[in-house]
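Overview (structure and organization)
Each chain is listed here by its residues.
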Amino acid sequence: MIHKSAIISSKAKIGVNVKIGHYSVIYDNVVIGDNTIIEGFCEIGYPTNLADGNPLIIGNNSYIRSHSIFYEGSSFKEKLVTGHRVTVREKTYAGLNLQIGTLSDIQGDCQIGDYVRTHSNVHIGKHSKIGNYIWIFPYVVLTNDPHPPSETMLGVAVKDFAVIATMAVILPGITVNEHALVGAHSLVNKDVPYGMVVAGNPAKILCETSKIKLKDNPQLSAYPWPRHFRRGYPDSVTEEWRSMFGEKII
Amino acid sequence: MIHKSAIISSKAKIGVNVKIGHYSVIYDNVVIGDNTIIEGFCEIGYPTNLADGNPLIIGNNSYIRSHSIFYEGSSFKEKLVTGHRVTVREKTYAGLNLQIGTLSDIQGDCQIGDYVRTHSNVHIGKHSKIGNYIWIFPYVVLTNDPHPPSETMLGVAVKDFAVIATMAVILPGITVNEHALVGAHSLVNKDVPYGMVVAGNPAKILCETSKIKLKDNPQLSAYPWPRHFRRGYPDSVTEEWRSMFGEKII
Amino acid sequence: MIHKSAIISSKAKIGVNVKIGHYSVIYDNVVIGDNTIIEGFCEIGYPTNLADGNPLIIGNNSYIRSHSIFYEGSSFKEKLVTGHRVTVREKTYAGLNLQIGTLSDIQGDCQIGDYVRTHSNVHIGKHSKIGNYIWIFPYVVLTNDPHPPSETMLGVAVKDFAVIATMAVILPGITVNEHALVGAHSLVNKDVPYGMVVAGNPAKILCETSKIKLKDNPQLSAYPWPRHFRRGYPDSVTEEWRSMFGEKII
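What you see is a predicted model; the values in this text were computed from it and never measured. (Residues numbered from 1 in each chain as written. Chains lettered and ligands numbered in written order. Predicted model: local features only at pLDDT ≥ 70, side-chain atom pairs only at ≥ 80, totals over all residues.)

Points about the overall build of chain A
Rules: Here a strand is any run of E in DSSP of at least two residues, a helix any run of H or I of at least four, and the numbering for each starts at the N terminus. The globule rule is 2.2 Å times the number of residues to the power 0.38, and the radius of gyration it is compared with is taken over C-alpha atoms. For every residue, the other C-beta atoms within 10 Å of its own C-beta are counted; 20 or more classify it as buried, 12 or fewer as exposed, and values in between as partly exposed. C-beta atoms are placed from the backbone. Here, residues touch in the contact sense if the C-beta positions derived from the backbone fall within 7 Å of one another.
Scanning chain A from N- to C-terminus turns up one helix and 32 strands. Taken over the C-alpha trace, chain A has a radius of gyration of 19 Å; the compact-globule value for 250 residues is 18 Å, and the two agree within 12%. Dimensions of chain A along its principal axes, counting C-alpha atoms only, are 55 × 45 × 25 Å. Per-residue burial for chain A yields a buried fraction of 58% across its 250 residues. Within chain A, residue pairs in contact and separated by at least 24 positions form 23% of the contacts whose partners lie at least 6 positions apart.

If you want it as structure tokens, here you go:
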């Protein structure tokens, strides 16, 4: 299961039934869970002094696609899934089944909850705090420095079920609250209230998310999105959502 | 012509005079045309169930630069050219001489005509339909989900000779019509009429493209662009353009 | 110090105490300074006719992180530092201690001064002229074609101590003057005056940079930033800044 061209440190702790692809490099300070797949050209546990000696921990049943780089000192629970060319730095702690899109860049010192999905080319700045069941779409940037360059770091907070659409920039210290929706190409410079849609440069509050209707069924609201979108989540989650949001519609 | 470190499936169909670079991987379900160059660190024909068993077909005389990834199940006519670190997923069907810039990401299920050029870091969402002779500049995103996340996919359509400038986002289901120009950093939420310039967030119609004059010759319109820009197109195309747009100016 | 899997041209000129990582490729026309580290999966001196035969020169004590690509024909003084997956094309001439963030793309024919820093995913178009002590943040694009596509190239100029925040686009031929600050997600279509803040789409002048106060100490201006931020610069620079800006505050 380990390609003969892979370079594996004898110090790395590798679970059972792990697959490691062509030319990938596994460094010393790494714990890889059982049944995990690491594709080709990856660097896993890239050394950094900033990790303070803490290992990279990849949970069981994870899937890291090719050309990805994970620094030592971060930790991911079960079923981490990545696209290609992902970069994740040190001291990021993520929950269950984080999905990271191709080319996304998680800068380190981040807290990420369960079942978070980022699409391609998302940039998550240091000190971001991301809740559960969140969606972040391509080219979104979560910033952190209110007057760059400086030593001040004010991470962005994104709360449960929030959605940030393509190419939005969230300014330092901003909170995107539960069930909020940030429109595409927005610059968000104020906290986004619970369940509201904001959009524009700078972003303004447009309406409640419930005002957005499904294109295929205009009598139904598109938000909260777990009412109609449950693909890719395990039964334990969709069961919880059934009690929170009712039966899946459509 | 095949580097000794390349890993080539015996099932791959590889044309004559093909060059494959250091450490590249050619998977099973691949047809590579004659005289094609694939540089180093590439993955060609990356397997996916979503390809329904269809091969990746790369036309003759193509040039794929290093660190690029092509999934199985897509097809490219002659003279595909890519920058570095390109990602192209399954079920994308492209015409002649597609040029894809460094770091660009074509998400799959796309239709692309002849002589389309994308610059660096362009993101083409699933179900995009792109005509002929189109230019797409860095960090442009073609989206597809009108209320993310959802199961609804409304691809963007871009028609012949249209130009989309840097960091524009085109919202789901929008059509950018023939000879239109989308200004840099625009958010396009309405169809763009034939031959018009739109710009802003949200984008508004500014003027006809013919109002934009060449910096080096302010008496001449910069659009339609094939009047003055024909570099990199074959004689068969420029001959056709001569009948459509007259002799090349300047 | 040279990994056994690295592929090194016998024509490359490699200094003393140089480290070259796993699977990296060093091409012919390359001069690598002493004590430089080149990590894995890199391509250094990637051949191009556009270099007119000029070598790639990497100064002493440089550090190029993994998966990076440098074309022949560019030149970097001492202490170049890069993130991962950087791409730098031909005929770019940079001064001391350039730092290039992960995924950034320098397109070639650029002039870059001393102690310039780009964060991740910055796109520097051809013919950009960048001064000294400049900061450019994620997803910024410096453009160059006033009516794309065309043969006209009007590079952007960025002057000493200027700062360009996340996802700003600078239009062709624009000058961002000394000590100016371009706000996040701005579209800059006019020259930015000395020491002023601009923001918006299109960007407008907001105020003098001195009006922006430090979050941690609101009685002090955050700009000029060298008054409070000197991390990562050598003594020779901070000594000069002491005479220009006084003692470091906080």
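Digging into the pairing of strand 30 (residues 203–208) of chain A
All names here are of chain A. Stated formally: Each pair of strands is called paired provided DSSP finds at least two bridges between the two strands.
Inspection of the sheet shows strand 29 (residues 196–200) paired to strand 30 by five bridges, in the antiparallel sense. Within strand 30, the residue paired with Gly200 across the bridge is Ala203. Taken together, strand 29 and the strand that follows it, strand 30, pair antiparallel across an intervening segment of two residues.

So, the interface of chain B and chain C
Worth spelling out the cut-off: Charged means Asp, Glu, Lys or Arg here, nonpolar means Ala, Val, Leu, Ile, Met, Phe, Trp, Tyr, Cys or Pro, and polar covers whatever is left, Gly included.
In this assembly, 32 residues from chain B lie in contact with 26 residues from chain C. Broken down by class, the residue content of the side of chain B that touches chain C amounts to 16 nonpolar, 13 polar and three charged.

Concerning the relation of the copies chain A and chain C
Condition: Least squares is the method used to superpose the copies, on C-alpha atoms of residues holding a pLDDT of at least 70 in both.
The two copies are related by a screw operation: chain A maps onto chain C through 120° of rotation and 0.0 Å of translation along the axis, at an RMSD of 0.0 Å. Such values leave the two copies arranged in the relation of a three-fold axis. Rotation axis and chain A: the residue whose C-alpha lies nearest the axis is A:Asn201, separated from it by 4.0 Å.

Examining the interface of chain A and chain C
Interfaces are often sized by the accessible area lost when the parts come together. Counting from both sides, the interface comprises 26 residues of chain A and, opposite them, 32 residues of chain C. Taken together, the residues of the side of chain A that touches chain C break down into 14 nonpolar, eight polar and four charged.

Topic: the confidence of the model for chain A
Going by this rule: Scored from 0 to 100, pLDDT reflects the predictor's confidence in each residue.
Considering every residue of chain A, the mean pLDDT works out to 97; 100% of them sit at 70 or more. Taken together, the chains of this predicted complex give a pTM of 0.98 and an interface ipTM of 0.97.

Here's the deal with the sheet that holds strand 22 (residues 141–142) of chain A
All names here are of chain A. Read across the open sheet, the ten strands follow the order 1-4-7-10-13-16-19-22-25-28; overall the sheet is parallel. Looking at the sheet topology across the chains shown, the edges are occupied by strand 1 (7–8) and strand 28 (187–188). Across two bridges, strand 25 (residues 169–170) lies against strand 28 in parallel orientation. When the bridges of strand 28 are listed, Val169 appears paired with Leu187.

Focus on the sheet that holds strand 7 (residues 43–46) of chain B
Residues and elements named next belong to chain B. Taken in spatial order, the ten strands make up an open sheet running 1-4-7-10-13-16-19-22-25-28, and their pairing is parallel. Since the sheet does not close on itself, it has two edges, and those belong to strand 1 (7–8) and strand 28 (187–188), each with one partner. Of the pairings in the sheet, the one linking strand 16 (residues 105–106) to strand 19 (residues 123–124) comprises two bridges and is parallel in character. Its bridge partner being in strand 19, Asp105 is matched across the sheet by His123.

A closer look at the domain arrangement of chain A
Residue and element names in this part refer to chain A. Rules: What marks off one domain from the next here is an automatic or database domain assignment.
Domain annotation of chain A identifies domain 1 (7–218) and domain 2 (219–250). In this structure, domain 1 and domain 2 have C-alpha centres spaced 23 Å apart. With twelve residues of domain 1 at the interface, the matching set in domain 2 holds twelve residues. Where the side of domain 1 that touches domain 2 is concerned, the elements lending two or more residues are strand 31 (213–214) and strand 32 (217–221). Residues of the side of domain 1 that touches domain 2, tallied by class, amount to seven nonpolar, four polar and one charged.

So, unusual backbone geometry
With an omega dihedral of 0°, the bond running from A:Asn201 to A:Pro202 counts as a cis peptide bond. Mapped onto the fold, A:Pro202 is located in the loop between strand 29 and strand 30. Along the chain, A:Tyr223 connects to A:Pro224 via a cis peptide bond; the corresponding omega equals 0°. For C:Asp52, which is not glycine, the phi torsion reads 55° and is therefore positive. Checked against the element boundaries, C:Asp52 lands in the loop between strand 7 (43–46) and strand 8 (56–58). With 10 C-beta atoms packed within 10 Å, C:Asp52 lands in the exposed category. Even without a glycine there, the phi angle at C:His67 is positive, about 65°. Note that C:His67 resides in the loop between strand 9 (63–64) and strand 10 (69–71). A tally of 31 C-beta atoms within 10 Å means that C:His67 is categorised as buried.

Considerations on the environment of C:Leu50
Residues and elements named next belong to chain C. The residue Leu50 is located in the loop between strand 7 and strand 8 in this model. A tally of 14 C-beta atoms within 10 Å means that Leu50 is categorised as partly exposed. It is 6.8 Å that separates the C-alpha atoms of Leu50 and Glu90, two residues lying 40 residues apart in sequence. Every residue in contact with Leu50, bar those within four places of it in the chain, is listed here: Gly73 and Glu90.

Points about the environment of A:Gly183
Residues and elements named next belong to chain A. Position of Gly183 relative to the elements: it lies in the loop between strand 27 (181–182) and strand 28. Under the C-beta neighbour-count criterion, Gly183 is labelled buried, with 25 such atoms within 10 Å. Measuring from C-alpha to C-alpha, the distance between Gly183 and Leu103 comes to 21 Å, with 80 residues separating the pair along the chain. The residues contacting Gly183, other than those within four sequence positions of it, are Ala165, Val197, Val198 and Ala199.

Overview of the pairing of strand 32 of chain A
Residue and element names in this part refer to chain A. Relative to strand 32, strand 31 runs antiparallel, the two sharing two bridges. By the bridge assignment, Lys213 is partnered in strand 32 with Ser221. Taking the residues that link successive antiparallel strands as the turn, the strand 31-strand 32 hairpin has two residues.

Here's the deal with the environment of B:Val141
Residue and element names in this part refer to chain B. You can see Val141 is positioned in strand 22 (residues 141–142). Look at Val141 and you get buried, because 29 C-beta atoms sit within 10 Å. Sequence separation between Val141 and Ile124 is 17 residues; the distance between their C-alpha atoms is 6.0 Å.

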